[in-house]
Amino acid sequence: MFIPIRRYAAGLAVALLLAGCTTQQDPIVIDSGSRDPGTQVARGGEVLKLTGAGIAIGQKLPATELVDATTMKPVNLAESQGAVLFLSIVPSIDTKVCETQTHYLGEQGDKLPATVKRITVSRDTPFAQARFAKEAKLEDVQYLSDYKEGAFGRSLGLLIESSRLLARSVILVDTQGVVRYIQVVPDTTHLPDMEKAFTEAATLANRP
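The rules behind the values
Residues numbered from 1 in each chain as written. Predicted model: local features only at pLDDT ≥ 70, side-chain atom pairs only at ≥ 80, totals over all residues. Heavy atoms only, no water. Axes fitted to C-alpha atoms, helices over the stretch in contact; angles between N-to-C directions. Helix = DSSP H or I, 4+ residues; strand = E, 2+ residues; numbered from the N terminus. Left-handed = near helix turned anticlockwise from the far one by under 90°. Contact = heavy atoms within 4.5 Å. Nonpolar A, V, L, I, M, F, W, Y, C, P; charged D, E, K, R; others polar. Buried < 20%, exposed > 50% of the residue type's maximum accessible area, 1.4 Å probe, protein only. Pairing = 2+ DSSP bridges. Right-handed = clockwise from strand over helix to strand, strands pointing away. Salt bridge = Lys/Arg side-chain N within 4 Å of Asp/Glu carboxyl O.

J.: Would you mind showing me how to read the packing of helix α2 (residues 96-107) against helix α5 (residues 194-205) here?
T.: Think of two packed helices as two axes; the pair is described by the angle between the axes and how far apart they sit. Between α2 and α5, the least distance of the axes is 11 Å, while the angle of their chain directions is 35 degrees. Judged by the sense of rotation from one axis to the other, the crossing of α2 with α5 is right-handed. Packed against α2, whose contacting residues are Gln101, Tyr104 and Leu105, the element α5 presents Met194, Glu195 and Phe198 at the interface. For the contact of α2 with α5, the class distribution of residues is four nonpolar, one polar and one charged.

J.: I tried to follow the pairing of strand β5 (residues 84-89) on my own but got confused; where do I start?
T.: Regular strands place side chains that alternate from one sheet face to the opposite one. Of all the six residues making up β5, six are buried; the element is thus mostly covered by neighbouring parts of the structure. Bridging between β5 and strand β6 (residues 116-122) involves six bridges; their strand directions are parallel. Across the sheet, the residue bridging to Val84 is Val116, located in β6. Traced from β5 through α2 to β6, the parallel crossover comes out right-handed.

J.: Mind showing me how you'd approach the sheet that holds strand β10 (residues 179-184) here?
T.: Within a sheet, adjacent strands bond to each other through the backbone by hydrogen bonds, running parallel or antiparallel. If you trace the seven strands from one edge of the open sheet to the other, you get β4-β3-β7-β6-β5-β9-β10, paired in mixed fashion. With partners counted over all chains shown, the strands left at the sheet margins are β4 (74-75) and β10, one partner each. Taken strand by strand, α5 contacts β5, β6, β9 (169-173) and β10, and its axis lies near 160 degrees from that of β5.

J.: Is there a simple way to think about the sheet that holds strand β2 (residues 46-51) in this case?
T.: Read across the open sheet, the three strands follow the order β1-β2-β8; overall the sheet is antiparallel. One side of each edge strand has no neighbouring strand; the edge strands of this open sheet are β1 (40-43) and β8 (159-160). Alignment of β2 against β8, held across two bridges, turns out to be antiparallel. Paired with Leu50 across the two strands is Ile160, which belongs to β8.

J.: Hey, could you run me through the pattern of salt bridges in this one?
T.: Pairing of side chains with opposite charge becomes possible as their charged atoms draw close. Summed over the entire model, instances satisfying the criterion amount to six salt bridges. In this structure, Arg131 engages Asp94 in a salt bridge whose closest nitrogen and oxygen atoms are separated by 2.9 Å. Pair noted here: Arg131 is in helix α3 (residues 126-136) and Asp94 is in the loop between β5 and α2, with a separation of 37 residues, a long-range link. Judged by its relative accessible area of 48%, Asp94 is partly exposed. Measuring nitrogen to oxygen at the nearest pair gives 3.4 Å for the salt bridge that ties Arg131 to Glu135. On the criterion of helical spacing, the pair formed by Arg131 and Glu135 is a turn pair, its members being four residues apart in helix α3. With a relative accessible area of 33%, Arg131 lands in the partly exposed category. The exposure class assigned to Glu135 is exposed, which follows from its relative accessible area of 55%.

Here's what the structure looks like:
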């Protein structure tokens, strides 16, 4: 049984405050809504246009190159077969909401079936991702960087035109490389519904 994400996020926010990692005490909003890739999201009241045609459920991931933060080697997720891919996509791991999202993936995601591969994707450099993983003790998550040209984000319709960061989202890919679940969070300051994504990932992993 997963810890309710609202309780988990609140607890983590308190822990971060006590550790001096943040000065903001506003509660983090859990958002169950979604926008279509390639359209737009928001940050507060500001509209953020997403570039790219946009990926859709039932399509395969496009062939684009990411960089593994641990090995510095190129990774093409379109070539991955045999595991369910849980892609947790964040604007930057050095922000409060992204940190909460990644902690939830790393800590509560341990309860997912072993065939679910947990991956955090951002435009942070591989060095920043590796530093975060070590300091947060979340090294059982794979960190992939889209820092070079944002080609991965653009190919999915998740690259924010103004900031060139990735829109906060969760994408699940089945063992055949087909996208089966997408949540693009409508406001980038909100968290995705990680519990729902966990349930969907477990269902995909248990399919014959």
